[in-house]
Amino acid sequence: MSGTHSRSVTVERPGEHRLTSGPVPEPGPGEVRVRVAAAGICMSDREVYDGHRDPAYVRYPVVPGHEWSGVVDALGAGVDPALLGRRTVAEGFRSCGGCERCRSGETSLCTAGYDETGFTRPGAFADHVVVPARLLHPLADDADLRAAALLEPAAVIAAAVRAGTPEPGERIAVVGAGTLGLLAVQLLSAMSPGELTVIDPRDERAAQALAFGASEARAPKEATEVHGRYDLVVETAGAPSTAADACLLARRGGRVVLTGMFAPGAAGIDPVHLSLSQLTVRSVFGAPSAAWSYAVRAFTAGLLDPAALITHEFPLERFADAVALVGGGGPGTGKVLLRP
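Nothing here was measured: the structure is a model prediction, and the numbers come from that model.

Draft legend 1. Structural view of unusual backbone geometry. A cis amide bond links Tyr 60 to the next residue, Pro 61, at an omega of -10°. Along the chain, Pro 61 falls in the loop between α1 (43–50) and β4 (67–75). You will see that Thr 165, though not glycine, has its phi angle at about 45°, which is positive. Judged by relative accessible area, which is 46%, Thr 165 ranks as partly exposed.

Draft legend 2. Spatial organisation of the side chain of Glu 91. Relative to the helices and strands, Glu 91 resides in the loop between β5 (87–90) and α2 (100–103). The side chain of Glu 91 is buried and forms no salt bridge, while Arg 134, the nearest opposite charge, is found at 6.7 Å. For Glu 91, the side chain forms a polar contact with the side chain of His 137, separated by 2.8 Å. What Glu 91 contacts, discounting residues up to four positions off in sequence, is Thr 107, Leu 135, His 137, Ser 289 and Trp 292.

Draft legend 3. Representation of the sheet that holds strand β9 (residues 195–199). Taken together, the six strands give an open sheet; going across it, the order is β10-β9-β8-β11-β12-β13, and neighbouring strands pair in parallel fashion. Taken across any chain shown, the strands that pair with only one partner, and hence form the sheet edges, are β10 (216–218) and β13 (280–283). For this sheet the average axis-to-axis angle between neighbouring strands, irrespective of direction, equals 20°. Alignment of strand β8 (residues 171–175) against β9, held across five bridges, turns out to be parallel.

Draft legend 4. Spotlight on the packing of helix α4 (residues 151–164) against helix α9 (residues 289–300). It is the contact of α4 with α9, at a shortest axis distance of 8 Å, that shows an interaxial angle of 110°. Our classification of the angle between α4 and α9 gives roughly perpendicular. In terms of crossing hand, the pair formed by α4 and α9 is right-handed. Between α4 and α9, the residues in contact are Leu 151, Glu 152, Ala 154, Ala 155, Ala 158, Ala 159, Val 161 and Arg 162 and Ala 290, Ala 291, Trp 292, Tyr 294, Ala 295, Val 296 and Phe 299, respectively.

Draft legend 5. Examining empty space enclosed by the protein more closely. Counted by the stated rule, this structure contains one cavity of 30 Å³ or more. Space inside the largest cavity adds up to approximately 70 Å³. Lining the largest cavity, in full, are Gly 92, Phe 93, Glu 116, Glu 152, Ala 155, Val 156, Gly 286, Ala 287 and Trp 292. Here the lining of the largest cavity takes three residues from α4, the largest share from any one element. Considering only residue class, the lining of the largest cavity consists of five nonpolar, two polar and two charged.

Draft legend 6. Quick look at the nonpolar core. Counting 51 residues, the largest nonpolar core has Leu 139, Leu 151, Val 185, Leu 187 and Leu 188 as its most contacted members. Breaking this core down by element, the ones donating at least two residues are β3 (31–41), α3 (145–148), α4, β8, α5 (179–189), β9, β11 (230–235) and α9. Here the element with the most residues in this core is α4; it accounts for ten residues. Beyond its immediate sequence surroundings of up to four residues, Leu 139 is in contact with Arg 86, Arg 87, Thr 88, Val 89, Leu 145, Ala 148, Leu 151 and Val 296. Among the nonpolar cores identified, the runner-up in size contains 33 residues, and Tyr 49, Ala 133, Phe 319 and Leu 338 belong to it.

Draft legend 7. Seen up close, the pairing of β8. By the criterion of burial, β8 is predominantly enclosed, with four of the five residues buried. A crossover connection joins β8 to the parallel β9 through α5; in handedness this β-α-β unit is right-handed. Relative to β11, β8 is paired through four bridges, and the arrangement is parallel. Bridging across to β11, Val 174 finds its partner in Val 234.

Draft legend 8. Highlighting the packing of aromatic side chains. Applying the stated criterion across every chain yields a total of six aromatic pairs. Ring centres of Tyr 49 and Phe 319 lie 5.6 Å apart, and the angle between their planes is 85°; on these two criteria the pair is classed as edge-to-face. Here Tyr 49, found in helix α1, pairs with Phe 319, found in helix α10 (residues 319–325); they are 270 residues apart in sequence, far enough to count as distant. Overall, Tyr 49 belongs to the buried group, its relative accessible area being 14%. Summarising the aromatic geometry, the rings of Phe 93 and Tyr 114 are spaced 6.1 Å apart at their centres and angled 80° between planes, so their arrangement reads as edge-to-face.

Draft legend 9. Examining helix α7 (residues 242–249) more closely. Most of α7 is tucked away, with six of its eight residues classed as buried. Thr 242, Ala 243, Ala 244, Ala 246, Cys 247 and Leu 249 are the residues of α7 that are buried. Contact partners of the buried residues in α7: β8, β9, β11, β12 (250–258), α8 (271–277) and β13.

Draft legend 10. Spatial organisation of the pattern of salt bridges. All told, the structure shown has 22 salt bridges when counted by the stated rule. Residue Asp 127 is joined to Arg 7 by a salt bridge in which the shortest nitrogen-to-oxygen separation is 2.9 Å. Note that Asp 127 is positioned in the loop between α2 and β6 (128–132) and Arg 7 in strand β1 (residues 5–13), a separation of 120 residues in sequence. Comparing Asp 127 with Arg 7 shows no difference in burial state: the two are buried. Salt bridges sharing common partners tie together Arg 7, Arg 35, Asp 127 and Glu 317.

Criteria and cut-off values
Residues numbered from 1 in each chain as written. Predicted model: local features only at pLDDT ≥ 70, side-chain atom pairs only at ≥ 80, totals over all residues. Heavy atoms only, no water. Helix = DSSP H or I, 4+ residues; strand = E, 2+ residues; numbered from the N terminus. Buried < 20%, exposed > 50% of the residue type's maximum accessible area, 1.4 Å probe, protein only. Lys, Arg positive; Asp, Glu negative; His and termini not counted. Salt bridge = Lys/Arg side-chain N within 4 Å of Asp/Glu carboxyl O. Polar contact = N/O pair within 3.5 Å; in protein donor to acceptor, adjacent residues only side chain to side chain. Contact = heavy atoms within 4.5 Å. Pairing = 2+ DSSP bridges. Axes fitted to C-alpha atoms, helices over the stretch in contact; angles between N-to-C directions. Parallel < 35°, antiparallel > 145°, perpendicular 65-115°, else oblique. Left-handed = near helix turned anticlockwise from the far one by under 90°. 1 Å grid on protein atoms, 1.4 Å probe; cavity = no way out; pocket = protein on both sides within 12 Å on 5 of 7 lines; lining within 4 Å. Points joined across faces, edges and corners; volume = space filled by probe spheres on them. Nonpolar A, V, L, I, M, F, W, Y, C, P; charged D, E, K, R; others polar. Core = buried A, V, L, I, M, F, W, Y, C linked by side-chain atoms within 4.5 Å. Right-handed = clockwise from strand over helix to strand, strands pointing away. Phe/Tyr/Trp six-rings, centres within 6.5 Å; stacked < 30°, edge-to-face > 60°.

Right under this line is the structure:
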């Protein structure tokens, strides 16, 4: 890349992408341009590429990339000059800031309509990304930008943890040990739970969960032995049965937080069990500003170690190889990064 050109991966339509090069984008009023250091690929990006994402939540052609980190290298009019050169991440939802939901702090429920970097706006599978300065969460000057690319999924898990209100000494279960599940283990272990059990069929992921602070790991077939045991259950897998399974793990009066992205046809939650057990069930889609702040604080304080989840890194030119790994089910595939 020269100083006057910027590359990006554009998904023209499902299954069709190209690496393009054009003028370096210029930030408008209130915006910043960020030189991308690293961008994570998640299942949502795979769904965009395969054409499986709900049409209301993607706009083709699109430059994907909603999990990223970088350094601010240009400022639009009216932006604080102190941001220039800062290491940073940014919220993905382009919330309006003025509607009733935004004003009450629920920016991920903005009523102005869905608008998100990497899905409806150009994302970070590129040399540069332009975002509103108000969405930035600046990082420490020595922050590991490779690890910081995972602060978007960390913010989602922070939203789940905040919704679940864990207390010291409680029994907690995490369903799924993918990226979200392992980040959940890291945050929840910092709450000093009495028990922290992870449910996942993969031995490698179970071992990693134990290394991150889980007290026990069980395969799904062993989970029936602990039905009704947990004060809080955080579901992260989004598999067809895991929402229903999570509710069975909770004790009577317990709390369940669903963070997985479920496909149509997933098993429903039994309303009889729900009412008789007096469960509190919450769901999380994306993350409000407060959850981003929580995740960045936890990262800065060393409570989160996202770098340990990264297994593969590719240049932009190898996007096809990178996206093929995601969702491929390989036991050795954790977080996959693009490094422009």
